[in-house]
Amino acid sequence: MSHDSHHAPVASKLELAPERSDLGLIRPDRTTGWTDWLTTVDHKKIGILYGAFAMFYFLVGGVEALAIRTQLIRPDNDFVTARMYNQLFTMHGTTMIFLGVMPLSAAFFNFLVPLQIGARDVAFPRLNAFSLWTFVFGAFVLNASWLFEFAHLAGWLNGFEWHKHLAFTDFAPANGWFSYAPLSGTYGQNGQALRFTGVGTDFWIIGIQVLGIASLAASFNFICTIINMRAKGMTMMRLPVFTWMTLITAILIILAFPAITVALIELMFDRAFGANFFNPSAGGQPILWQHLFWIFGHPEVYILVLPAMGIVSEILPTFSGKALFGYPIIVFSGAVIGFLGFAVWSHHMFTTGLGPVPTAAFALLTMAIAVPTGVKIFNWLGTIWGGRVRFTPPMVLSLGFIWMFMCGGFSGVMHSSAPADSQQQDSYFVIAHFHYVLLGGVLLGLMAGLYFWFPKIFGRMPNAPLAYIASGMVILGFNLAFGPMHYLGLAGMPRRTHTYHAGNGWETWNYVATIGAYILGAGVFLAFANLAWTAFKGKKCASDPWGGRTLEWSLPSPVPEYNFAQAPIVATRDAYFEDKHGGKRIAYENDGGEAGVHMPSQSWMPLVASTGFLFAGFGMPMMAMGVPHAGWIVITGLGVLILGIWLWAVEGPGGYMLKTPAASGSPAPAETAAH
Amino acid sequence: MSETAAAHDAPTSTGIDHKKLIMWLFLASDCMFFGTLISTHLLYRKLYPSGFTDAEGHQRFIQNLFNIELTSFSTFILLMSSFLMALAVSAMHKGEIKSFRRNVLGVIFFGLIFLGCQVFEFTHFYHQGLTIQNSVLGSTFYVLTGTHGTHVAIGVLWLILMYFYSFTGKLGGHTGALDVEVAGLYWHFVDIVWIIIFTAVYLVEYLGPNGFWGTGLPAVTK
């Protein structure tokens, strides 16, 4: 390789003089503090950053949800305007899915996958940093729409000429999280591109596009990592289930996201350049948007839920003291769910008049996808059955996951019946269904994962009594909030309506649901506050506090930057558990030690390249607003992006050799090397 | 593993290099990307088989518009650029840097010819009255072929940078050959996609007496 190969192994990167790239730029390599976090290529730090941002946006989305519920607490309420309400529910859904659940899953992918497969990093460390910062800027662009909205409400924009010409002034997205055309699109002939909505939709389009780039880049990286960087002996059928589910999720992302990417490009062309993809006045078919959206949107549901299933599949065996029941079947079911996930999108569109044959086909396929899901649930029950169950906070949350997710699954099977679905469409019954799946399912699973792996991430144990209280509040509040919505939906209450009149029989349960939402919100806040406190001040704990089964528990906590002082060689599934209690020990390769392990160099370039998206993300909606010269912001953004990628390419991977504590034949010692 | 080079080129579990694998994954994703765009175009062709209305209000048929000889020529050029790309990759594997440079210049040149034909085609179609704004056909056609053109342009830019990089002396050995091969994968893929677009968007319009979609216009009245 290049100049970087000549470094002698060092005990800490700070011992080395700053490395210069070929262009003479100083690499931000031997740094600490802020620079270190902004330029890190360490998958563990990137995972922590993903988690921190995701938890922040969970709280943002939660505040939006509470505003929605407060508006609905009583009939004819005027807590928020109808206009604001539209923006709230749109941003709530978008935030929770794209800025809450997906990045929190990504936090686990980042932190865990290399550790679970016995690798020292991901396949492309700088690309990983690029994914992180692109996500951060995409999220910022999406939420910056709120800043414009508040500036508008405060009257600060009134003096601007362009502001006087706006036909619509909803600055935050207001179409619902799936932004159906033609509401999100245009009308009129010959490129008039008259709109139904304000620039919020443009913020949404560019924000989701940028977030999609982040997800795609991360997924390429993780598939590559899982397929190519497994430790010796780590065959595919010895992979921890979480890693398996990560692999399937990443495959879903790379195959499903292009559909939304194209749909967003088409919608952007409609809005910005007067194209006619979804313009009904010029022959465009708004239904095409629904198809393209749900070809992405339904796999997206499994993109959200499979990581949580993987987390639960790690936690249940640990606290049942048994191996996962039917490992191959769990893996296979996950793959079948991923595969069938592409064949059921039209069940979101039963009421659009697809015709009897497609409707029947999609109904049958949707029922079929319940089978592998049910198989998984029975396998989890089989895992607990006869085990010595320890009701730790992660276990309680995992059991909550199974229970709540199952309820969501039951109402899901009800939806698969097209005639029933046509009654439930756009009612609160649907809201109840997918919140049981996404909140009762996914969020509980992710919270279980947080409580399970926090001791590994920070070497500190979360406060257990608080965790129990928070878990109880979340599960209780959640059921109070969303259980009644089944009834409300069947009693006819439509979703996405900012208020309702008294006398429909909806008052009581809406009141109950809102109280439940407050309890839920307080519970989630408490759970996150507990975790945040733990990260800095929590009680220190041993490196394997739960009696873990997979390789990450064989490492010290917090995990040293090189992960494995010597690369492990595994001989079985659940390698660390077998190492402790079974006959098959983990062997270690004769590397590391004084010779050191190769560490990638840090870089500014992923951050610089991502900044281009920040410019483009602001520029596009500002063009739509009619702000003069906003197009230059977009062009600057593209320039910054290309410049960043070019500098990234010529900078080279760099790297240095880091000494590790010598440890032959046994797992790395509990105390970490100085770093 | 005291050799640092060994750490750089640590053997992968599958024996496939990371860069090559990630390019294949990207191409899998790009298949879905172009699949969506091509589907959009074909759906609207089926729905509106009769072409578009130009600015004067005249009904125009797509066969009047297309210059199939020109597009066949540019398709042939792109195919031949793939041949040169294969030669460039092969040269790099043998360490023949001069041969690599010659062939890659050829690829760049052919890629630019293709892009030039596309620019000409777009201009010509625009003057014939097909715009992105006046019909669904214009929207789907320009966005689909324009997206492909963008892919070609990115490929050309990539190869130009690689060409100049080769003069720094750093493009060599196993890593250099791998980098060129990965660029080659991308280039071949973009070429294959064009073969599909050329068939699905251009050639089928000339099938049968009325074109594949039944436009009511004999294909021969160009």
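As shown above, the structure is provided for reference.
Everything numeric in this text was worked out from a predicted model, so none of it was measured.

Draft legend 1. The arrangement of the state of the cysteines in detail. Applying the stated criterion across every chain, the model contains zero disulfides over all chains. As a non-bridged cysteine, Cys224(A) has Cys31(B) as the owner of its nearest cysteine sulfur, 17 Å distant.

Draft legend 2. Just the packing of helix 2 (residues 43-71) of chain A against helix 15 (residues 507-537) of chain A, in detail. Residue and element names in this part refer to chain A. Between helix 2 and helix 15, whose axes approach to 10 Å, the crossing angle comes to 165°. By the angle class used here, helix 2 and helix 15 are roughly antiparallel. Every pair of crossing elements has a handedness; the one defined by helix 2 and helix 15 is left-handed. In this structure, helix 2 uses Met55, Phe58, Leu59, Leu66, Arg69 and Thr70 to contact helix 15, whose residues at the interface are Asn510, Ala513, Thr514, Ala517, Tyr518, Phe525, Phe528 and Leu531. Looking at the contact of helix 2 with helix 15 residue by residue, the class counts come to ten nonpolar, three polar and one charged.

Draft legend 3. Spotlight on the packing of helix 8 (residues 286-320) of chain A against helix 11 (residues 393-416) of chain A. Residues and elements named next belong to chain A. Their axes nearest at 9 Å, the elements helix 8 and helix 11 cross at an angle of 130°. The orientation of helix 8 relative to helix 11 falls into the category oblique. Crossing of helix 8 over helix 11 shows left-handed handedness. Here Val305, Ala308, Met309, Val312, Ile315, Leu316, Phe319 and Ser320 of helix 8 lie close against helix 11, whose contacting residues are Pro394, Met395, Ser398, Leu399, Phe401, Ile402 and Phe405. A class-by-class count of the residues in the contact of helix 8 with helix 11 yields 13 nonpolar, two polar and no charged.

Draft legend 4. View of the nonpolar core. Residues and elements named next belong to chain A. Core analysis: the largest hydrophobic core is formed by 265 residues, its most contacted members being Phe98, Trp289 and Trp380. Top contributing element to this core by residue count: helix 3 (residues 82-117), with 21 residues. In contact with Phe98, other than residues within four places in its own chain, are Pro103, Phe135, Trp177, Ile208, Leu211, Phe257, Phe296 and Glu300. In this structure, Tyr562, Ala565, Tyr656 and Leu658 belong to the second largest nonpolar core, which totals eight residues.

Draft legend 5. Quick look at a nonpolar patch on the surface. Side chains of Leu23(A), Leu25(A), Leu643(A), Trp646(A), Leu157(B) and Leu161(B) sit close together on the surface and give an oily, nonpolar patch of about 530 Å² of accessible area. Along the chain, Leu23(A) falls in the segment before helix 1 (33-39). Overall, the relative accessible area of 47% leaves Leu23(A) in the partly exposed class.

Draft legend 6. Spotlight on the interface of chain B and chain A. With 39 residues of chain B in contact, the opposing surface of chain A contributes 45 residues. Taken together, the two surfaces of chain B and chain A that pack against each other cover about 3600 Å², and 69% of this comes from carbon and sulfur. Inspection of the region where chain B meets chain A yields zero salt bridges. At the boundary of chain B and chain A, one finds 16 residue pairs in polar contact (both at pLDDT 80 or more). Breaking the side of chain B that touches chain A down by element, the ones donating at least two residues are helix 1 (4-8), helix 2 (18-47) and helix 6 (136-165) of chain B. It is helix 2 of chain B that contributes the most residues to the side of chain B that touches chain A, 16 residues altogether. For the side of chain B that touches chain A, the residue count by class is 19 nonpolar, 17 polar and three charged.

Draft legend 7. Quick look at the packing of aromatic side chains. Per the counting criterion, the structure on display carries 66 aromatic pairs over all chains. Seen in terms of ring centroids, Phe278(A) and Trp289(A) are 5.5 Å apart; in terms of plane orientation they differ by 90°. Their pairing is edge-to-face. Taken as a pair, Phe278(A) in the loop between helix 7 (241-273) and helix 8 and Trp289(A) in helix 8 lie far apart in primary sequence, eleven residues in all. You'll find Phe278(A) and Trp289(A) in the same group, each marked buried. For the pair Phe141(B) and Tyr202(B), a centre-to-centre distance of 6.1 Å together with 70° between the ring planes defines the contact as edge-to-face. Taken together, the residues Phe141(B) in helix 6 and Tyr202(B) in helix 7 (residues 173-202) connect sequence positions 61 residues apart. Connected via pairs of aromatic rings, a cluster forms that spans Phe98(A), Trp177(A), Phe178(A), Tyr180(A), Phe257(A), Phe277(A), Phe278(A), Trp289(A), Phe293(A), Trp294(A) and Phe296(A).

Draft legend 8. Summary view of the pattern of salt bridges. Enumeration over the complete set of coordinates arrives at 19 salt bridges over all chains. Of the charged contacts in the structure, one is a salt bridge between Glu594(A) and Lys659(A), with a shortest N-O distance of 3.8 Å. In this pair, Glu594(A) sits in the loop between strand 6 (587-588) and strand 7 (597-599) while Lys659(A) sits in the segment after strand 8 (656-658), placing the two residues 65 residues apart along the sequence. We classify Glu594(A) as exposed; its relative accessible area is 60%. Owing to a relative accessible area of 28%, Lys659(A) belongs among the partly exposed residues under this scheme. Here Arg45(B) and Glu205(B) are joined by a salt bridge, their closest N and O atoms 2.8 Å apart. Here the residue Arg45(B) occupies a position in helix 2, and Glu205(B) occupies one in the segment after helix 7, the gap between them amounting to 160 residues. Given the relative accessible area of 0%, Glu205(B) is considered buried. The network of salt bridges with shared partners includes Arg27(A), Arg126(A) and Glu651(A).

Thresholds applied
- Residues numbered from 1 in each chain as written.
- Chains lettered and ligands numbered in written order.
- Predicted model: local features only at pLDDT ≥ 70, side-chain atom pairs only at ≥ 80, totals over all residues.
- Heavy atoms only, no water.
- Disulfide = S-S within 2.5 Å.
- Axes fitted to C-alpha atoms, helices over the stretch in contact; angles between N-to-C directions.
- Helix = DSSP H or I, 4+ residues; strand = E, 2+ residues; numbered from the N terminus.
- Parallel < 35°, antiparallel > 145°, perpendicular 65-115°, else oblique.
- Left-handed = near helix turned anticlockwise from the far one by under 90°.
- Contact = heavy atoms within 4.5 Å.
- Nonpolar A, V, L, I, M, F, W, Y, C, P; charged D, E, K, R; others polar.
- Core = buried A, V, L, I, M, F, W, Y, C linked by side-chain atoms within 4.5 Å.
- Buried < 20%, exposed > 50% of the residue type's maximum accessible area, 1.4 Å probe, protein only.
- Patch = residues over 30% accessible without salt bridge, like charges linked within 9 Å, V, L, I, M, F, W, Y side chains within 5 Å.
- Areas by Shrake-Rupley, 256 points an atom, 1.4 Å probe, with all protein chains shown as cover.
- Salt bridge = Lys/Arg side-chain N within 4 Å of Asp/Glu carboxyl O.
- Buried area = accessible area lost by both parts, 1.4 Å probe.
- Polar contact = N/O pair within 3.5 Å; in protein donor to acceptor, adjacent residues only side chain to side chain.
- Phe/Tyr/Trp six-rings, centres within 6.5 Å; stacked < 30°, edge-to-face > 60°.

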